[in-house]
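# Observations on the model geometry
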Amino acid sequence: MATGADSPLYLGLDFSTQQLKVVAIDGDLGVVHQDRVHFDSELPEFRTQGGVHIHEDKLTVTSPVLMWVKALDLLLDRMKSARLDFSRVKALSGSGQQHGSVFWKKGAAGALAHLDPAQHLYRQLQDSFSVQDSPVWMDSSSSQQCQDLQEAAGGAVRLAEITGSRAYERFTGNQISKLRQTRAEQFQDTERISLVSSFAASLFLGAYAAIDYSDGSGMNLLDIRSRNWSQICLEASAPNLDRLLGAPLPSTSVLGPVSSYFVRRYGFSESCRVVAFTGDNPASLAGMRLHQGDVAVSPLCPPVPQPRPQLPVCLILSFKNGSLTRERIRNQSSAGSWTVFSEALRATPLGNHGNIGFYFDTMEITPLAVGVHRFDSNDCEVSRWSPEVEVRALVEGQFLSRRLHAERLGYSIMSGTRVLATGGASANNQILQVLSDVFNAPVYTMDLSDSACLGSAYRALHGLVAESGASFLDVVKNAPEPQLVCTPHPTAQQVYGQMLKRFARLEDRVLQRTRT
């Protein structure tokens, strides 16, 4: 295999909620370059908080689509300044925050196909989107559309049999239905609807990219058995929706060569291939290369591998109130310092003297609840705690919730279970220690916390050989193994086994209050 300056490179990008990130690996699977653009701080003109706009109703959550375009301009310019040799890139792939949608305006296909390499994408695509504020996965404003879809499908169970899930407000089909009903003129001016992942692939392809099966399964529109759009779901969402979505494709598909725009502006090779982009969760799974029984935990959502009969899929639990909520408590209780935050965890005992907290700054997905709820050791609700107790209550509560809902779906911790942590929180050893204690399992991390980027780079490499029958695991078998970070405290099983039962009862109380 070629090495050094002659070695091929493979790019993986991740259009996540708060950042655009990139990783380049060489043919030996070693990371040779990484970078990121933080939306809030580096693109302040879009006025996002946590990469999003939370609207007045507290349910509608969107992101400016042109912010993502401008972030790509900035990222590629930086890579060029860092003298990354784009001509060595043999393939690229990527991921996007799941469920988010992009609405291309009539005529946008022509703009994509005729990009001027002398100008940035942002300047040329200003008028290419019929909807400037893209609905994202944090949105909870389409409850009525969810009800309508479930009724059309014959109920929640029948919809889950077709699409893999009951109707969720954040799922793309329901967002499309809402937009068609509330912003009819903009919907009529739309010629293509992409997911964030296929939108990003379209930029590199210079044409509309297909939605891949994996990300498409989070739309409440894809029949997961036939792997085609469900006619029942399409008709319940919008007329002629199949034309706007295009046909879905396998996640290993090579979509075509990179656009001539990138060849002429950045020096990509004309032979560089674009492999189908997918959702950030499946890309993270690819980056972590999970084994049977493993649990993967990221700041926002922990995927729980659990095969179902006849359908080899992973169940994924999604949670909204993750890293942004931790940052809020850090600012309020730890003077904005992660060092002080970590010291609070170190100074408080396992089980937090029996105090349990629920922190839902926005309407949560699992469970469907909102608000901050604090309970003392007698299960009495209290209004405040000391800063140290607050910090531990937040972190323990987040991980107790993940374990509780994973076990309710049939997952069980067994001998040999590993917890693989990824994302920003994976750099904080005190948070990871709580994670290890709550799950009563060792926690591992990777040298690179951006597992979605790394998985996308692996997928780019695999995409070039997938048609020959090479398996993904064979392609990445020599990749670095995760490293052990911490093991559970000897008393963890006793403490959190009992605490989990209380947590479940208290969560039911919180849910009842939310419903009333």
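Nothing here was measured: the structure is a model prediction, and the numbers come from that model.

## Let's talk about the overall build of the protein
A tally of regular secondary structure across the protein gives 21 helices and 23 strands. C-alpha atoms of the protein, sized along the principal axes, occupy 65 × 55 × 50 Å. Within the protein, the fraction of its 516 residues that count as buried is 59%. For the protein, long-range pairs separated by at least 24 residues make up 71% of all intrachain contacts whose partners lie at least 6 apart in sequence. Element-wise, carbon and sulfur atoms account for 48% of the exposed surface of the protein, whose accessible area totals about 20,800 Å².

## A few points about helix 19 (residues 451–463)
When the terminal C-alpha atoms of helix 19 are compared, their 18 Å separation across 13 residues agrees well with the 18 Å that a helix rising 1.5 Å per residue should span. Taken across its 13 residues, helix 19 has 13 buried, putting it largely inside the fold.

## Looking at the UniProt feature "domain: Carbohydrate kinase FGGY N-terminal" (unreviewed entry) in the protein
If you check UniProt for "domain: Carbohydrate kinase FGGY N-terminal" (unreviewed entry), the listed places come out as residues 136–287 in our numbering. End C-alpha to end C-alpha, residues 136–287 measures 23 Å, and it is 50% helix and 12% strand.

## Quick word on the nonpolar core
Grouped burial of nonpolar side chains is what soluble globular proteins tend to show. With 59 residues, the main nonpolar core has W68, F199 and F268 as its most contacted residues. At the level of secondary structure, the elements contributing two or more residues to this core comprise strand 1 (9–15), strand 2 (19–26), helix 2 (65–81), strand 6 (89–96), strand 7 (101–105), helix 3 (108–113), helix 9 (196–205) and helix 13 (260–266). With ten residues, the single largest contributor to this core is helix 2. Each residue touching F199, except ones within four places of it in the same chain, is listed here: V65, W68, V69, V102, W104, F129 and S194.

## What about unusual backbone geometry?
Its identity is not glycine, yet N220 carries a phi of approximately 60 degrees, on the positive side. The topology assignment puts N220 in the loop between helix 10 (213–216) and strand 10 (222–223). Residue N220 is classed as buried on the basis of its relative accessible area of 0%.

## Details of the state of the cysteines
Under the criterion given, the structure shown has zero disulfides. There is no disulfide at C146, and the cysteine sulfur nearest it, in C233, is 12 Å away. For C146, a relative accessible area of 5% translates into the label buried.

## Quick word on a nonpolar patch on the surface
Side chains of V254, L464 and V465 sit close together on the surface and give an oily, nonpolar patch of about 190 Å² of accessible area. Secondary-structure assignment places V465 in the loop between helix 19 and helix 20 (472–475).

## Comments concerning the domain arrangement of the protein
Taken as a whole, the protein is organised into domain 1 (9–141 + 183–222 + 246–286) and domain 2 (295–446 + 485–515). Taking the mean C-alpha position of each, domain 1 and domain 2 sit 31 Å from one another.

## Comments concerning the packing of aromatic side chains
The tally for this structure, following the rule as stated, stands at 19 aromatic pairs. For the pair F204 and F262, a centre-to-centre distance of 4.9 Å together with 25 degrees between the ring planes defines the contact as stacked. Taken as a pair, F204 in helix 9 and F262 in helix 13 lie far apart in primary sequence, 58 residues in all. With relative accessibility at 1%, the residue F204 sits in the buried group. Accessibility expressed as a relative area gives 0% for F262, which makes it buried. Ring geometry for F262 and F268: centres 6.2 Å apart, planes at 80 degrees, overall edge-to-face. One aromatic cluster in this structure is built from F86, F204, Y261, F262, Y266, F268 and F277.

## Structural notes on the sheet that holds strand 5 (residues 61–64)
Across the sheet, which stays open at both edges, the three strands sit in the order 4-5-8 with antiparallel pairing between neighbours. Two strands in the sheet have a free side with no partner beyond their single neighbour: strand 4 (53–54) and strand 8 (133–135). The strands touched by helix 2 are strand 5 and strand 8; relative to strand 5, the strand with the most contacts, the crossing angle is about 40 degrees.

## Considering the pairing of strand 6
Burial of strand 6 is extensive: seven of the eight residues sit out of reach of the surface. Sheet analysis places strand 1 next to strand 6, joined by seven bridges and oriented parallel. The partner of F15 across the bridge, within strand 6, is G96. Inspection of the sheet shows strand 6 paired to strand 14 (residues 278–279) by two bridges, in the parallel sense. Residue pairing across strands places S95 opposite T278, the latter belonging to strand 14.

## Notes on the environment of S386
Take S386: it is sitting in the loop between strand 20 (381–382) and helix 17 (387–408). As a C-alpha pair, S386 and G50 span 336 residues in sequence and 26 Å in three-dimensional space.

## Some points on the packing of helix 16 (residues 338–347) against helix 18 (residues 429–439)
Between helix 16 and helix 18, the shortest axis-to-axis distance is 8 Å and the interhelical angle comes to 35 degrees. Of the two possible hands of crossing, helix 16 and helix 18 adopt the one that is left-handed. Judged by residue contacts, F341, S342, L345 and R346 of helix 16 engage Q430, I431 and V434 from helix 18.

## A few points about the sheet that holds strand 18 (residues 356–360)
One open sheet holds the three strands; their spatial order is 18-19-20, and the pairing between them is antiparallel. This sheet does not close on itself; its edge strands, each paired only once, are strand 18 and strand 20. Packing of helix 21 (residues 492–515) onto the sheet brings it into contact with strand 18, strand 19 (371–375) and strand 20, and relative to strand 18 it is tilted by some 45 degrees.

The rules we used
Residues numbered from 1 in each chain as written. Predicted model: local features only at pLDDT ≥ 70, side-chain atom pairs only at ≥ 80, totals over all residues. Heavy atoms only, no water. Helix = DSSP H or I, 4+ residues; strand = E, 2+ residues; numbered from the N terminus. Buried < 20%, exposed > 50% of the residue type's maximum accessible area, 1.4 Å probe, protein only. Contact = heavy atoms within 4.5 Å. Areas by Shrake-Rupley, 256 points an atom, 1.4 Å probe, with all protein chains shown as cover. Expected span 1.5 Å × (residues − 1). UniProt positions renumbered as here; feature names shortened; annotations may be inferred. Core = buried A, V, L, I, M, F, W, Y, C linked by side-chain atoms within 4.5 Å. Disulfide = S-S within 2.5 Å. Patch = residues over 30% accessible without salt bridge, like charges linked within 9 Å, V, L, I, M, F, W, Y side chains within 5 Å. Salt bridge = Lys/Arg side-chain N within 4 Å of Asp/Glu carboxyl O. Domains from an automatic or database assignment. Phe/Tyr/Trp six-rings, centres within 6.5 Å; stacked < 30°, edge-to-face > 60°. Pairing = 2+ DSSP bridges. Axes fitted to C-alpha atoms, helices over the stretch in contact; angles between N-to-C directions. Left-handed = near helix turned anticlockwise from the far one by under 90°.

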